[in-house]
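# Chain and residue survey
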Amino acid sequence: MNILLISQCDKRALTETRRILDQFAERRGDRTWQTPITRDGLATLHRLLRKTARKNTAVACHWIRGLDHSELLWIVGDRRRFNDIGAVPTNTTQRNILKQADENDWHSGELIRLLVDLAGLLHDLGKASETFQARLHGKLTGRNLIRHEWASVRLLEAFVGDDEDAAWLARLAAPSETDDSRWLKQLRKDGLDGPLDSPFKRLSQAPLARALVWLILTHHRLPKLPDGRAFQMSALSGLLDQIQPSWNETAFASSDAKALRAYWRFPHGLPVTTDAWRRRATRMARRLLSLLSSPNTTAACAAVLDNPFVMHLSRLSLMLADHHYSSLEGDQSERITITPDTPLLANTCRKSSDPNQPLEEHLLGVAQHGAQVARFLPRCEQHLPRLGKHKRLKQRAQQERFRWQDKSADMAAGMRERSRDQGAFIVNMASTGCGKTLANARIMYSLADPAQGMRCAFALGLRTLTLQTGKAFRDLLRLDDEDLAIRVGGSASRALFEHHEAQAEASGSASRQALLEEDTHVVYEGQTDQHPLLSRAVANPQVRALLVAPVLVCTIDHLTPATESQRGGRQIAPMLRLMSGDLVLDEPDDFDLDDLPALTRLVHWAGLLGARLLLSSATLPPALVQGLFEAYRNGRQHFHHNRGAQPG
C-alpha cells in the first residue's frame, strides 16, 4: 500500500515525529512524507508515533487508493488540526467565535458544584476530635467507636439547628461570635446525651442541609443496617430518619459512655473560625442563597435529596476530590499553600507516618478540587477519544446469513438523532453463531455521531474475563491496542479488601484505597495522560485506561460496583465510564435470580447517566426484558429532568 503522511506538529513534537517518519518514508516537503509500506510496517509506525506523542503532536496518514482518491487511515495526536477527512484548514483563528464548549444542557450543574464545594469544607470536621488526632500521632489503635464522618454530621447539625436553609446559610455567610460557638455548644453527643434522633429527622426543614449531611456521611461508606436487624420494605418510607451512629460504625453499639467521651472532645477547636475556611464558606453560602431565591431553582433546591442524578454525581465529585487530594504528599504543586492556624492534622504520609496535610488545608483542597471536578463533568466526554471511521464496522456482510446485520445497522443509523436525545433500549436476539457480537458493535457504531465516533463498553455475562477472551473480541472487530481496553481479573476477596482498607484508615484517610480491585488489571496501549480532568484527578494509570479507551471489554461484574459499592471509592471508575459512553450487556441471562437486583440497578444507572443500552442474547425471557426496560426508562426520566433532553 502507498501512503501519504502529513505532520502538523509544533516545537519539539515536530523534531520527534520527523526523526521517526524519516526512518519509514521519504520526504516530499518539510511536513510531508510518502512511501509504499506493508500493513505490519504501518502498524509499527503507528505504534511508535503513539508512544512518543506529545500535546503538540498531530500526524495524519492517508492511503493513496488511486490517481484521484485517497482515504484517511488514522490521526495521531491533536485531531483538531485536521478535519474529518484529514484535510488541513487554509486559515485558522484562535478566537472562540461560537463558544459552544461553554454551553451545556445541565440544568442542575451549578447546584451540584456548590453542594460539592460546601460539603468539601465540612466533610472532615470530625477529624478535629481528640481521638482522631491521637490516632494520627500513633497513640491510639483499634476500631473507631464513632467515625469522623458521623462526628462531622453532628457538627453541621449543631450549626444548622432547627432553622430553614435560608436562615442557616445567612448565618454561615456572615457569622457572629454566637454563630461560631454553635458548632460545639449545640453539639449533640451520641452515647453521652442519651438516645438521639437521626440528624436527618432534626433537619427536616432544611433540605439543602439534609443533602450535605448525606454527602458527608457517605463520602467513605454507605450506612449499613446493624447486624441482627432484618430489613423490612415498610421501613423504606422515612429510612433516612432512622439512621443512627451504629449504621456508620458497628462498634458503637457495644461501647460505653466512658470510652465515647474522647470522641466528642475538640481540644483545639474547629477550622471553621480560620480566615481561609471562612472566606470560602461565605462565598458558597451566598451562592446557595442566590439559588434558593431564584424562581428557576427554588423547587430543585427543595427536592434535592430526592434527585438521584444530583446526589450521586455530587457524591462522585466529592469522593474523587477527597481521594485525589488525600494522595498528595510533600511539596506537590497541586497542594494549597497556607499557614494553618491550628495544629490539627487530616492525615499522615503513607509510608513514613509523618504528618502530611493540616486539616484546614485538606478541607480547602477537597472543596477546591471537588468544585473543579463538578465543573468539568459536563465537558468530560468531549475530551475522550472515540472510535471513528472504522472499516470493519462499516463493511457490509459478505454472506447471506449475516445480511441481518446490515438491516440492524441501517435501522440504528435511522434512529441516531432520536437516540441521542431520548436514549435507546435495544434487544438483539439471535441464535448462537449468527454473528451477534459483530452486530452489536455495528449497531452501537451506527448510533454514534459519524463525525465523532463510538464510545462503548461491552460487558460480558462471565464471572471472570480472561485476556485470551478479550483479545479474541479485539481480533473479531479488528481493533488496535489504542482503541480497545481489556479489564481482566476477578473481584477481590473480602479479607483482602478489609486489609487494604485498614492500611488506608491507619494513615487517617480511607480515601487512599485504590479505585480498582487489587487483583484486577486493565490492558490498554493508548495514551492516558492527555485528558485535562483525569490526568489531574486520577493518579492510577489503570483507572485512566479504563476510562479513556474508546472500546472497553469487561464483565458485568466489573461495572456493577457503580451502583453497589458500600465502602471505598469503587463506584467512581464505572460511574465515569457509564457517563461517557454506551453499554452493551452480552448474555445477561447467564446470571441467576440472586443477581437480578444488581443487574437491574446497573441498567437503571445506565439510563440515569445517559448511556444507550443494548441487550444481546440467544434466550432472553420476556419478563426479564420488561423489568430491565422499566428500570432503564425510570433512570432515563431522571436524566431528562436534569439534562434538558426530551423523554422518549
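We now turn to the structure provided with this report.

### What about the overall build of the chain?
In terms of regular secondary structure, the chain is built from 28 helices and 14 strands. By the compact-globule yardstick of 26 Å for 648 residues, the chain fits well, its C-alpha radius of gyration being 27 Å. The C-alpha extent of the chain, read off along each of the three principal axes, is 85 × 60 × 50 Å. Contacts spanning at least 24 positions in sequence make up 78% of the contacts within the chain whose residues lie at least 6 apart. Total accessible area on the chain is roughly 29,300 Å²; 49% of this is exposed by carbon and sulfur atoms. Counting 84 positive and 74 negative side-chain charges, the chain places the averaged centre of each group 3 Å from the other.

### So, the packing of aromatic side chains
One pass over the full model with this rule turns up seven aromatic pairs. Arranged with centres 5.4 Å apart and planes meeting at 70 degrees, the rings of phenylalanine 425 and phenylalanine 629 form a pair that is edge-to-face. Of this pair, phenylalanine 425 sits in strand β8 (residues 425-429) while phenylalanine 629 sits in helix α28 (residues 622-643), and the two are 204 residues apart along the sequence. On the basis of relative accessibility, which here comes to 29%, the residue phenylalanine 629 falls in the partly exposed class. With centroids separated by 5.8 Å and ring planes inclined at 45 degrees, the aromatic side chains of phenylalanine 425 and tyrosine 632 adopt a geometry described as tilted. Taken as a pair, phenylalanine 425 in strand β8 and tyrosine 632 in helix α28 lie far apart in primary sequence, 207 residues in all.

### Considerations on the side chain of arginine 210
Mapped onto the elements, arginine 210 comes out in helix α9 (residues 207-218). Residue class for arginine 210 comes out buried when judged on its relative accessible area of 17%.

### So, the pattern of salt bridges
For the coordinates displayed, the defined rule picks out 34 salt bridges. The closest approach of N and O atoms between aspartate 163 and arginine 171, which form a salt bridge, is 2.8 Å. On the basis of relative accessibility, which here comes to 25%, the residue aspartate 163 falls in the partly exposed class. By relative accessible area, which is 14% here, arginine 171 ends up buried. The partner of aspartate 421 in a salt bridge is arginine 420, with the nearest N and O atoms 4.0 Å apart. A relative accessible area of 35% places aspartate 421 in the partly exposed class. Connected via shared salt-bridge partners are Arg154, Glu157, Asp162, Arg188, Asp190 and Arg202.

### Some words on the sheet that holds strand β1 (residues 2-7)
Here five strands make up an open sheet; going across it, the order is β2-β3-β1-β4-β5 and the pairing antiparallel. In this open sheet, the two strands that pair with only one neighbour each are β2 (26-29) and β5 (69-77). On average, adjacent strands in this sheet sit at an angle of 25 degrees to one another, irrespective of strand direction. Strand direction decides the pairing type here: β1 and strand β4 (residues 58-66), joined by five bridges, are antiparallel. Across the sheet, serine 7 pairs through a bridge with valine 59, a residue of β4. Across the sheet, helix α2 (residues 39-51) is in contact with β1, β4 and β5; its angle to β5 comes to roughly 35 degrees.

### Looking at the environment of threonine 274
As for its placement among the helices and strands, threonine 274 is situated in the loop between α11 (257-260) and α12 (275-293). Put simply, threonine 274 and proline 340 are 66 residues apart on the chain and 8.3 Å apart in space, counted from C-alpha to C-alpha. The contacts of threonine 274, once residues within four sequence positions are left out, are Asp341 and Glu360. A distance of 2.8 Å separates a polar side-chain atom of threonine 274 from the backbone oxygen of proline 271.

### Observations concerning a positive patch on the surface
The grouping of Arg279, Arg283, Arg287 and Arg375 at the surface amounts to a positive patch. Element by element, the count of residues in the positive patch is highest for α12, at three residues. On the secondary structure map, arginine 279 appears in helix α12. A relative accessible area of 52% means that arginine 279 is categorised as exposed.

### Thoughts on the pairing of strand β7 (residues 355-358)
In this structure, strand β6 (residues 345-348) lies alongside β7, joined through three bridges in antiparallel fashion. Opposite asparagine 347, over in β7, you have glutamine 357 as the bridge partner.

### Here we look at the nonpolar core
Ranked by internal contacts, the top residues of the largest apolar core, which has 132 residues, are Leu118, Trp168, Trp183 and Leu585. With near-sequence residues (within four places) excluded, tryptophan 183 lies in contact with Leu122, Leu125, Leu155, Leu156, Ala158, Phe159, Leu172, Leu270, Val272 and Trp277. The next biggest cluster of nonpolar side chains, apart from the first, holds 27 residues, and it includes Ile426, Cys456, Leu484 and Leu614.

### What to know about the sheet that holds strand β10 (residues 484-488)
Taken in spatial order, the seven strands make up an open sheet running β8-β14-β13-β9-β12-β10-β11, and their pairing is mixed. Both outer strands of the open sheet, β8 and β11 (521-523), are each paired with one neighbouring strand and no more. Ignoring which end each strand starts from, the neighbouring axes of this sheet average 20 degrees apart. Against the sheet, α28 contacts β8 and β14 (613-617), and its axis sits at roughly 155 degrees relative to β8.

Quick notes on the rules
Residues numbered from 1 in each chain as written. Predicted model: local features only at pLDDT ≥ 70, side-chain atom pairs only at ≥ 80, totals over all residues. Heavy atoms only, no water. Helix = DSSP H or I, 4+ residues; strand = E, 2+ residues; numbered from the N terminus. Rg over C-alpha atoms; globule rule 2.2 N^0.38 Å. Contact = heavy atoms within 4.5 Å. Areas by Shrake-Rupley, 256 points an atom, 1.4 Å probe, with all protein chains shown as cover. Lys, Arg positive; Asp, Glu negative; His and termini not counted. Charge placed at Lys NZ, Arg CZ, Asp CG, Glu CD. Phe/Tyr/Trp six-rings, centres within 6.5 Å; stacked < 30°, edge-to-face > 60°. Buried < 20%, exposed > 50% of the residue type's maximum accessible area, 1.4 Å probe, protein only. Salt bridge = Lys/Arg side-chain N within 4 Å of Asp/Glu carboxyl O. Pairing = 2+ DSSP bridges. Axes fitted to C-alpha atoms, helices over the stretch in contact; angles between N-to-C directions. Polar contact = N/O pair within 3.5 Å; in protein donor to acceptor, adjacent residues only side chain to side chain. Patch = residues over 30% accessible without salt bridge, like charges linked within 9 Å, V, L, I, M, F, W, Y side chains within 5 Å. Core = buried A, V, L, I, M, F, W, Y, C linked by side-chain atoms within 4.5 Å.

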